[in-house]
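# Results of the structural survey
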Amino acid sequence: MIQQQLRQLLPEGEVGPCPAFALLGGSVAALVIWKWLQKRQIQEKIEEARRTRDEGMRKIAKAVQQFREQVPSAQTDAILSLPLLELTRRLQEGSLSPKTVLYTYLEKALEVTKQTNCLQHFIPECEEQLQEIQEQREKGLLYGIPVSIKDHIGYKGHLSTCGLVQCLGTVVQEDSVLVKVLKTQGAIPFAVTNVPQSLFNYDCSNPIFGQTLNPLNPQKSPGGSSGGEGALIAGGGSILGIGSDIGGSIRLPSSFCGLCGLKPTAQRLSLSGASGPFSGILAVPCALGPMARDVDSLALCMKALLCQEMFQLDPTVPPIPFNEEVYSGRAALRVGYYDTDGYFPLPPGVRRGLRDTAAALRQAGHQLVPFSPPRIHYVMNELFLKTFFADGGHAWLDMLGDIVDPSLKSQVNFCKIPRLGKKLLALILKPLFPRLAEYLSALSGMRSVKEMWNHQHQIQAYRAEFIARWRQLRLDVLLCPVLGPAFTTGYPGRLLTAVSSTMLYNVLNFPAGVVPVSTVTEADEEELKLYRGCCDDPWDHTLKQAVTGAVGLPVAVQCVALPWQDELCLRFMKEVETLSREKRAA
């Protein structure tokens, strides 16, 4: 065939096999060189991004040193120990200056990121914002508060990479709506935190900026995809952060790092200006939300963001201000609860933490009602996974490109199997490993627009079914498990479906928050040796390995309310937090 083409091109001479092979060899060589040049360009971009980050950190370190020389009496430890509400009060009354607070947190963030690699870069414009807030006529609710933001929440003039190499070199042209509102309320965005590649992982590693570690134990992951936020706040380098959640990405880092985090009802906070690889997916919506050390901090952040400024900047957000009356309520609650969803039974420490919390709530006068979430196998595979892998994972693989972070290799390998291969493997594995078979079948995706319409209808039908069960039991709120304790780094990418406890409330679009209630004990670790999970299959064995060695690490619970009842969710979280603190103090 090549010889025929050469004869057409060179009709006058006789063409033998040698020129054909030479042309073929030249083509292969050209392809190899082109591929090599592409990889070289990518590597140069990565190195440039790292140089820029390191140079920015050196400049911030120098600015911090100059401040320390000018104000040697600044009480760093005292400032860092203040809860957000107390810090806000002192800034408002003037007993602390915003400059002192900002440089205190810049200094601490430098220390934390050296230990954990939690920052992508600092925001040098924070010094300009410091000057601007001092010129504002009125002090906003977050006046002088340094705030960290997740990588994909746009800040003008800065990168928003989602951990993807192809996003390097493209800077954000305008602040996201949430950044604008934070500034209006007097907050000072000062740092951009690290994320996993493509955001679709609950570890925190990408080929550009590397692996983020858990400040409580460097062998463990901080969770993801808001893992940089989790590590920075848990390490004391930020007092308030903004993350995002589409399968547990606020709640899992909060669980792994011992923080409080809220995934609000989607669209309660504006998503405008927050980029992401799954921006066009509406069936399972993404939500932005706060992460902090305590529930009162989350409530103050929501109160500050749910203001007229946000409703004007983004008219698609329902103009519902924060309901202080609901958050401050003291009436007894009717609480549904369960300690396993039947799909991924969680380790002994997590179930103990939930049972202890349920007992404390009952003793405090709340009514506890057993609840069983329906058909979690179906929700995980048919509703959640099929939403993101509707095309069999092709769009996700294209997005990742040739450079794939090691933490994603397992997911990538599954996606690369041809559709027919996935179906055949699912059929073969079903008698032995039914969960893995269902997973492979879900990754096969959908084949028609009609099938996609039906899929979206199934999500609506499931929401209606779940709400009907909730109403039948006359529940106010729900207490349930959240994945934990922190996994050893590298394990989250091998257990995507272990997020069943959190993804459920993304599918339902219910507000859900996480509160730390205990820590893993030696007895929990001993009991873990007997853990068999749901099916005693490879996934159960991997989960057991992932959470081993977690003595002393946080154990959390999840609190849930119906859509648009975010304040009630926070009020319930506050009740859980109060009771757990009382128990630990006793």
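This text follows the structure it describes.
Right, let's walk through the structure included here. For every chain, the first residue of the written sequence is number 1, and numbering continues from 1 onward in sequence order. Reporting of local features is limited, given that this is a predicted model, to residues whose pLDDT is at least 70; pairs of side-chain atoms are given and counted only at 80 or more, and all residues count toward the totals for whole chains, interfaces and linings. In computing side-chain values, all of the structure's heavy atoms are included and hydrogens and water are not.

A few words now on empty space enclosed by the protein. Rolled over the atoms, a probe with the dimensions of a water molecule shows which regions are left empty. Note on definitions: the grid is 1 Å and covers protein atoms alone; a cavity is a set of points where a 1.4 Å probe fits but cannot get out; a pocket is an open set with protein on both sides within 12 Å along at least five of seven lines; lining residues have an atom within 4 Å of a point. Grid points are joined across faces, edges and corners, and a volume is the space filled by probe spheres set on the points. Under the definition given, this model contains four cavities of 30 Å³ or more. Considered as a void within the structure, the largest cavity measures approximately 130 Å³ in volume. Taken together, 14 residues line the largest cavity, and the ones lying closest to its centre are F200, N201, G247, S249 and L496. Note that Gly is not counted as nonpolar here; it falls among the polar residues with everything else outside the nonpolar set of Ala, Val, Leu, Ile, Met, Phe, Trp, Tyr, Cys and Pro and the charged set of Asp, Glu, Lys and Arg. Grouping the constituent residues of the lining of the largest cavity by class yields eight nonpolar, six polar and no charged.

Only the contacting stretch of a helix is used when fitting its axis, a line to C-alpha atoms as for every element, and angles between N-to-C directions run 0 to 180 degrees. Elements are defined by DSSP. Helices are runs of H or I of four residues or more, strands are runs of E of two residues or more, and each kind is numbered from the N terminus. Relative orientation of the contacting elements helix 10 (residues 295-305) and helix 23 (residues 566-585) amounts to 160 degrees, with a least axis distance of 9 Å. In terms of axis orientation, helix 10 runs roughly antiparallel to helix 23. Taken as a pair, helix 10 and helix 23 cross one another with a handedness that is left-handed. Where helix 10 abuts helix 23, its residues V295, D296, L298, A299 and M302 lie against L570, M573, K574 and E577. Of the residues assigned to the contact of helix 10 with helix 23, the class counts are six nonpolar, no polar and three charged. Just so you know how the angles are binned, under 35 degrees is roughly parallel, over 145 roughly antiparallel, 65 to 115 roughly perpendicular, and the rest oblique. With the far helix as reference, a near helix turned anticlockwise by less than a right angle produces a left-handed crossing, and one turned clockwise produces a right-handed crossing. We call two residues contacting when some pair of their heavy atoms lies within 4.5 Å.

Take the sheet that holds strand 11 (residues 477-481) next. Strands pair, by our definition, only if DSSP identifies at least two bridges between them. In space, the eleven strands of this open sheet follow the order 1-3-2-6-8-7-12-13-11-9-10, with mixed pairing throughout. Sheet topology places strand 1 (119-122) and strand 10 (367-370) at the edges, where each strand pairs with a single neighbour. For this sheet the average axis-to-axis angle between neighbouring strands, irrespective of direction, equals 30 degrees. Along the sheet, helix 7 (residues 177-184) contacts strand 2 (146-150), strand 3 (188-193), strand 6 (240-245) and strand 8 (287-292); its crossing angle with strand 2, the most-contacted strand, is approximately 180 degrees. Each of strand 7 (260-263), strand 9 (334-337), strand 11, strand 12 (512-519) and strand 13 (554-560) touches helix 23; the most contacted strand, strand 12, lies at about 5 degrees to it.

Aromatic contacts are taken between Phe, Tyr and Trp rings whose centres are within 6.5 Å, Trp giving its six-membered ring; a plane angle under 30 degrees counts as stacked, one over 60 as edge-to-face, and the others as tilted. Applying the stated rule across the entire model yields 20 aromatic pairs. Ring centres of Y202 and F487 lie 5.7 Å apart, and the angle between their planes is 70 degrees; on these two criteria the pair is classed as edge-to-face. A residue pair is termed long-range when its members are at least 10 positions apart, and Y202 in the loop between strand 3 and strand 4 (205-206) and F487 in the loop between strand 11 and helix 20 (500-507) qualify at 285 residues. With relative accessibility at 3%, the residue Y202 sits in the buried group. Three exposure classes are used, based on accessible area relative to the maximum for each residue type with a 1.4 Å probe and protein chains only: buried under 20%, partly exposed in between, and exposed over 50%. The exposure class assigned to F487 is buried, which follows from its relative accessible area of 0%. Measuring from ring centre to ring centre gives 6.0 Å for F322 and Y327, while their planes differ by 65 degrees; the resulting arrangement is edge-to-face. A residue is classified by how much of its surface remains accessible, and Y327, at 9% relative accessible area, is buried. Three or more aromatic residues joined by ring pairs make a cluster, and in this case those are Y338, F371, Y462, F466, W470, Y505 and F510. Lysine and arginine charges are scored as sitting over a ring when NZ or CZ, respectively, is within 6 Å of the ring centre and within 35 degrees of the ring normal. Sitting over the ring of Y343, R435 keeps its end group 5.8 Å from the ring centre.

Every patch collects residues that have over 30% relative accessible area and no salt bridge, joining them within 9 Å if they carry like charges and within 5 Å if they are nonpolar side chains (Val, Leu, Ile, Met, Phe, Trp, Tyr). In short, Shrake-Rupley with a 1.4 Å probe defines the accessible areas, and a residue's cover is counted only from the protein chains shown. What counts as a salt bridge is simple: a side-chain nitrogen of Lys or Arg found within 4 Å of a carboxyl oxygen of Asp or Glu. On the surface, L420, L424 and I428 cluster together to form a nonpolar patch covering roughly 330 Å² of accessible area. Looking at the element boundaries, L424 is found in helix 17 (residues 419-429). Look at L424 and you get partly exposed, because its relative accessible area is 47%.

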